Amino acid sequence: MSSPSRLAGIAILALAVALPFVPGVPAYWITVASYIAMAAIVALGIAVLTGVAGVVSFGQAMFVGFGAYTTAILTTRYGWSPAATLPVAMLIAGALAWGIGAITLRLKGHYLPVATIAWNISFFYLAGSLDFFRRFDGISGIPPISLLGFSVSDGVRFYFLALGLLVLAYVLTRNLLDSRVGRAMRSLRGGALAAESFGIDTGRARILAFVYAGVLAAVSGWLYAHFQRAINPTPFGITVSIDYLLMAVAGGVGHLGGAILGAGLVTVVRDKLQDLLPALLGTQGNFETIVFGIVLILILQFAPEGLWPHLRRRFASKPRRAPPGADDAPASRRRTLPGPGETVLAVSGLRKTFGGLVAVNDVSFTVQAGEIVGLIGPNGAGKSTSFNLITGVLPASGGEIALGLQPISGWPARRIARLGVARTFQHVKLVHGMSVIDNVALGRHLLGHASAVRGALRLDRAEEAAIFAEAHRQLARVGLADHADAVASELALGQQRLVEIARALCLDPVLLLLDEPAAGLRHSEKVALADLLRKVRDSGVSILLVEHDMDFVMGLTDRLVVMNFGAQLAQGRPAEIQQNPAVLEAYLGSAA
Amino acid sequence: MDLSIGLILIQDGVTNAAIYALLALALVLVFTVTRVIFVPVGEFVSFGALTLAAFEAGKVPGTVSLLLVLGIAGALGRLWTERQSLSGRMLATIAVETIVVPALIAALVTWLAPHKPPQIVQVLLALLVVAPMGVYVYESVFRPIAEASVLVLLIVSVALHIALVGLALVFFGAEGSRTTALSDASFTLGSLFITGQSLAVLGLTLVLILALYVFFDRTLIGKALRATAVNRVGARLVGISPAFSGRIAFALAGIIGALGGILVSPLTTIYYDTGFIIGLKGFVAAIIGGLVSYPLAAGAAILVGVIESFASFWASELKEVIVFMIIVPILLVRSYGTQVLEDEE
C-alpha cells in the first residue's frame, strides 16, 4: 500500500479508536459504529469472494446466521463460554461453506448466485420452523462476551472488540490477497482457462474464497448474537444478504477499503432512512429498501466500480511494490530438461469433433528437445484447437498425446502444466486490473507451496521473494522490466503478448506453446522476440508455435507442420514447405 | 394417506404448477432475449393480484400511481440511453409512450373503478395497468446497461426486486387480499372434487402457452425475438433492434406475471411481498430447464407444484425448504454433467 493511503488508513483508525473518548459523543453513535464494524467484517468477505474471485453470493447473511446460531445454542443450552464458541462458530460456518461450495461452486456463471438465493431462503425457513432453532421466536438470554475474565458487557467495550476484530480481519485479508493463494484467487477474474493452464485449481480457489467469506461472516454473527443477546431468523434472511452485497458494491467491490466504506455508508443511511421515510410516508415499514434498491441500480449503471476508486484517486497512489533486486534473491531451482534428440511431445492420430464438424482430423507430429516447431495453416485449420487439445483445455475425441514417455490424453490442463507445459493464448488472457508483475508471477504458481494460512500470517515472505525475483527476471528477458508495476490491461496488445510469454517462462517449462506470439508486434519487436525464442530454445526448452507471419516463422523454426481444414497437409523444414505444391495451393489457391 | 387425498394433492399441485409454469416461461423468455434473470417477475404477480383485489373493492388500485412513477422512470431511462440521437420527434414519442399512455390508463381506471365493472373488465383493466410496467422497468433499469455481464444484470435485477417490494408496501399497505374465483362452478369426478377455478387456471395457462407458441412460431415479431435469443449480434446485423426485442420480452413478462397473480389470488391470500416466493418457485422450474428450454421449464414447474403440494401435507412447515432444495440435486447433476473448461464472458 502506498504511503499516502496508508497514512489515511491509520488516521481513520485513530479516529475510530478515539471516538468513544470524545466528550459529547452520544452512546447511540457507538452502537451504530459497532454495527458498522460487524457489517464491515461481512463485507470484507464479499470483497474477496465477489470482488476478487468473481463469485456473487446472495447468501452471506446465512453464514452470519450460522455463526450467531452456533454461539446462541452452545451458550444458552450447553453453558459454553462465549469465547470458546468463536472457533466453533468459525469451524461450523467454514465446514458448511465448504459443503455448500462443493455442491454449488462448480456451477457456471449465473447458476451460482441463484443457488445461493435458494440456500439462504431454505435456511431462513428452516431456522423459522424447527424447534432446534426455537422457530421464529428465536433464542434469547444469550450471555455477553467475557474474555479472560473481562466482561464485554457495555457498549464501548463491545465496540472495541468489534473494531479489533475488524482490523484483524482487514490485515489478514490484505495479506492473503498479496500471497500466492491470493494471486490464484485474483486470477479467476482473468478466466478459468488461463488460470488452469498454469496449474491453478480454479475450483479450489473459488471454494477457498467462499469458505473465507463464510468464516468472516460467522465472526460477525458471533459478535451480533452477543451484542443483541437475542436472535431470530430475520437478520439472516435474503434481504439482509442483499444489503451486505450492496455495501460491498457501493464501496467498490474488490477493494478492502471500499468494503468498510460501504458498510459505514449503508449502515448510517439505513439508520437515517428508518426514521425519515415512515414519517414522510405516514406509515410503518422497511421503506429504506426502496432507496437501497434504487441506489444499487444507479451505482451499477453509472459507477460500477463503486466509490472507493474515486476516493483513492484523491490520494494519488504510487506504485505498490518496490521491485526487489533480481540478483539478491536465491537462484530458483530448474527442471531437468530432456537431452538433445529426445522426443518431448508426440502427437499421433489426434482428432477433435464438435458435433458434425471435424476440427482436427488425424494429426500426428513430434517435437524434439531443443527444437522450434511451427504449426501453420490458414484460418480455421484447427491450429488453436490442437493447442487446446495438447494442453488439456479440451478433451480430444481420439488419438494419443504423450509428453516424453508419459501419455497425457484425458488429463486436465493443470496436471499437464505440472509436467512443464506452458502456453500463451491467441486472445490474450491476462488478469485485468492486476499488475504486470503479479500476472507474470502467476506462472510461478506451481513452484510455490505456501498455503492460504501461511499467506495470511505473512509466513511466506521468503518464498514470495523468490517467486517475484524469478518473475522480474523473466519480465526483463522479454524486455518489459520497466513495466512491472503497470496495470496489465493498459499495455499495448503486443506488449501483453510478451507478458504472456514471460508468464509462461516463469513456469520453467519443458515445452512452450505460443499461439501467435508476434501478432501486434512492430518489426523491431519481432526481431527481438525471435532472438529471445532462439535463446530459450538454446537453453533446452522446446517450442511449438502457431503464427501467421511467414517471415517470422520461416526464419525462426526448425520444422513446420502445415494444417488445412483440420487435417495435416505437410511436414518438413521451412525451405521444403515453401516449395510444397499442396501447401502453396492451400495458401494461394490453385495455380491452374 | 389414501388415494383420494393423493388425488386432491395432485390437483392442488398441478393448479399451482400451472402458475409456476407461466412464470418459468416468462423468466426463460426474458433471459434468452436480454440475459436478464428477471427476479422481480414475482412482484408483477403481487401487482396483478392486488390490483384486481382493489377493483373488486371498487377502489382505485395503488398500482396506478406506481404506473405513473415507473413511466417517468422509463422516460428518464430513454432520455439517457438515446441522448445521442434525440430529436423533437423522438421526444414526442417518448412523452407519449411513457407519460401520456400511463396518464390515459390512470384516467380510465380512476373513472371506471368506482363503478365496479364486470369481472372480465376488471381482469383486463388489471392487465392494462400492470403490463406496461414491464416495459418501463426495462427502459429505466436494464436498457442503459444492456451490455453488462449476466452477473451485473442479476445484481441489478435483485436490487430492482427489493425496490419494488418496498414500493408495493407503500402503495398497497401490509394487508393481504384474496379475490373471488374466476369461476365458482364445481363438480365431482369419482371421489375428486374439482373446482372451476382450477380448471380456469389450467385452461388459461394452456391457452397462454399455445398463444406463445403461435407467437414465436408464426409471427415475424416472435421470430425476431427468437433470433435475438439465439444470437444478439447476428439479430442486430439483420436489423432486429435489441431494444425492440427487450421491450417486447419485458412487456410479455409483465403480462404473464400479472396474469399469474390474477389466477393465483383466488387460491391464496396475496400480500405485497407474496409474489417473490411464488416467482422463485417459477424460478426453480426455469433453472431446472437451464433457463433456456421452455418445455423442460414447464415440466419442471409441474414437478415443483406437486412436490410442494405433498410436502405441505406431510411437513407443512418445511415445505418451502423442500421446494427450494429440489434445486440442489438438479444443479449437482448439471454441474457433474459438464466438465469442459470454458471461459465465462
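What counts and how
Residues numbered from 1 in each chain as written. Chains lettered and ligands numbered in written order. Predicted model: local features only at pLDDT ≥ 70, side-chain atom pairs only at ≥ 80, totals over all residues. Helix = DSSP H or I, 4+ residues; strand = E, 2+ residues; numbered from the N terminus. Rg over C-alpha atoms; globule rule 2.2 N^0.38 Å. Buried ≥ 20, exposed ≤ 12 C-beta atoms within 10 Å, placed from the backbone. Contact = placed C-beta atoms within 7 Å. Pairing = 2+ DSSP bridges. Core = buried A, V, L, I, M, F, W, Y, C linked by C-beta atoms within 7 Å. Domains from an automatic or database assignment. Axes fitted to C-alpha atoms, helices over the stretch in contact; angles between N-to-C directions. Parallel < 35°, antiparallel > 145°, perpendicular 65-115°, else oblique. Left-handed = near helix turned anticlockwise from the far one by under 90°. Nonpolar A, V, L, I, M, F, W, Y, C, P; charged D, E, K, R; others polar. Expected span 1.5 Å × (residues − 1).

Engineer: In this structure, what is going on with the overall build of chain B? I would like to understand it.
Structural biologist: Across its full length, chain B carries 14 helices and two strands. Relative to the globule expectation of 20 Å for 345 residues, the C-alpha radius of gyration of chain B, 20 Å, shows essentially globular dimensions. Along the longest, intermediate and shortest principal axes, the C-alpha atoms of chain B span 70 × 60 × 40 Å. Across the 345 residues that make up chain B, the buried fraction comes to 48%. Taking contacts inside chain B between residues at least 6 apart in sequence as the whole, the part at least 24 apart equals 77%.

Engineer: Mind showing me how you'd approach the overall build of chain A here?
Structural biologist: Counting its secondary structure elements, chain A contains 23 helices and 14 strands. In terms of overall dimensions, chain A has C-alpha extents of about 90 × 50 × 45 Å along its principal axes. Taking all 592 residues of chain A together, 51% fall into the buried category. In chain A, the share of contacts with a sequence separation of at least 24, taken over all contacts with a separation of at least 6, comes to 76%.

Engineer: Please explain the pairing of strand 1 (residues 186–189) of chain B as it appears in this structure.
Structural biologist: Within a regular strand, the side chains alternate between the two sheet faces. All names here are of chain B. Sheet topology note: the strand 1/strand 2 (residues 192–195) ladder contains four bridges and is antiparallel. Paired with Leu189 across the bridge in strand 2 is Leu192. Counting the residues in the hairpin turn of strand 1 and strand 2 gives two residues, including Gly190, whose phi is positive at 60°.

Engineer: Mind showing me how you'd approach the nonpolar core here?
Structural biologist: A:Ala43, A:Ala209, B:Ala24 and B:Ala26 are the most contacted members of the largest nonpolar core, which totals 305 residues. The element best represented in this core is helix 9 (residues 202–228) of chain A, accounting for 18 residues. When residues of this core are sorted by domain, at least three fall in each of domain 1 (3–19 + 28–314) and domain 2 (343–437 + 487–588) of chain A.

Engineer: Explain the pairing of strand 12 (residues 542–546) of chain A to me, please; I cannot follow it from the model alone.
Structural biologist: Residues and elements named next belong to chain A. In terms of burial, strand 12 is largely enclosed, as five of its five residues are buried. Side chains of strand 12 alternate between two faces, with Ser542, Leu544 and Val546 and Ile543 and Leu545 buried alike. Pairing of strand 7 (residues 372–376) with strand 12, which is carried by four bridges, proceeds in the parallel orientation. Looking at strand 12, one finds that Val373 is bridged to Leu544.

Engineer: Looking at this model, I keep getting lost on the packing of helix 2 (residues 41–56) of chain B against helix 6 (residues 150–172) of chain B. Mind explaining?
Structural biologist: Any two packed helices are characterised by the angle at which their axes cross and by the distance between the axes. All names here are of chain B. For the pair helix 2 and helix 6, interaxial distance at closest approach is 10 Å and the crossing angle is 15°. The orientation of helix 2 relative to helix 6 falls into the category roughly parallel. As for the relative orientation of helix 2 and helix 6, their crossing is left-handed in sense. Where helix 2 approaches helix 6, its residues Glu43, Ser46, Phe47 and Leu50 are matched on the opposing element by His161, Leu164, Val165, Ala168 and Phe172. Across the contact of helix 2 with helix 6, the residue classes break down as six nonpolar, two polar and one charged.

Engineer: Is there a simple way to explain the interface of chain B and chain A in this structure?
Structural biologist: A common measure of how large an interface is: the accessible area buried when the components associate. At the junction of the two partners, chain B supplies 38 residues and chain A supplies 44 residues. Considering each element in turn, the side of chain B that touches chain A owes the most residues, 16 residues, to helix 6 of chain B. Among the residues making up the side of chain B that touches chain A, the classes are represented as 31 nonpolar, three polar and four charged.

Engineer: I tried to follow unusual backbone geometry on my own but got confused; where do I start?
Structural biologist: Backbone geometry follows two general trends: most residues other than glycine have a negative phi, and most peptide bonds adopt the trans configuration. All names here are of chain A. For Arg458, which is not glycine, the phi torsion reads 65° and is therefore positive. Topologically, Arg458 is positioned in the loop between helix 17 (452–456) and helix 18 (461–477). Unlike most non-glycine residues, Glu516 shows phi in positive territory, near 55°. Residue placement: Glu516 occurs in the loop between strand 11 (511–515) and helix 20 (523–538).

Engineer: Can you walk me through helix 18 of chain A in this structure?
Structural biologist: Since there are 3.6 residues in each turn of an α-helix, residues three or four apart along the chain are aligned in direction. Residue and element names in this part refer to chain A. When the terminal C-alpha atoms of helix 18 are compared, their 24 Å separation across 17 residues agrees well with the 24 Å that a helix rising 1.5 Å per residue should span. Every buried residue belonging to helix 18 is among Glu464, Ile467, Phe468, Ala469, Glu470, Ala471, His472, Gln474 and Leu475, and all of these are buried. Where helix 18 is buried, its residues touch helix 7 (180–187), helix 16 (436–442) and helix 19 (493–506). Where helix 18 terminates, the next one or two residues include Gly479, which has phi positive at roughly 85°.

Purely geometric numbers; function is a separate question.
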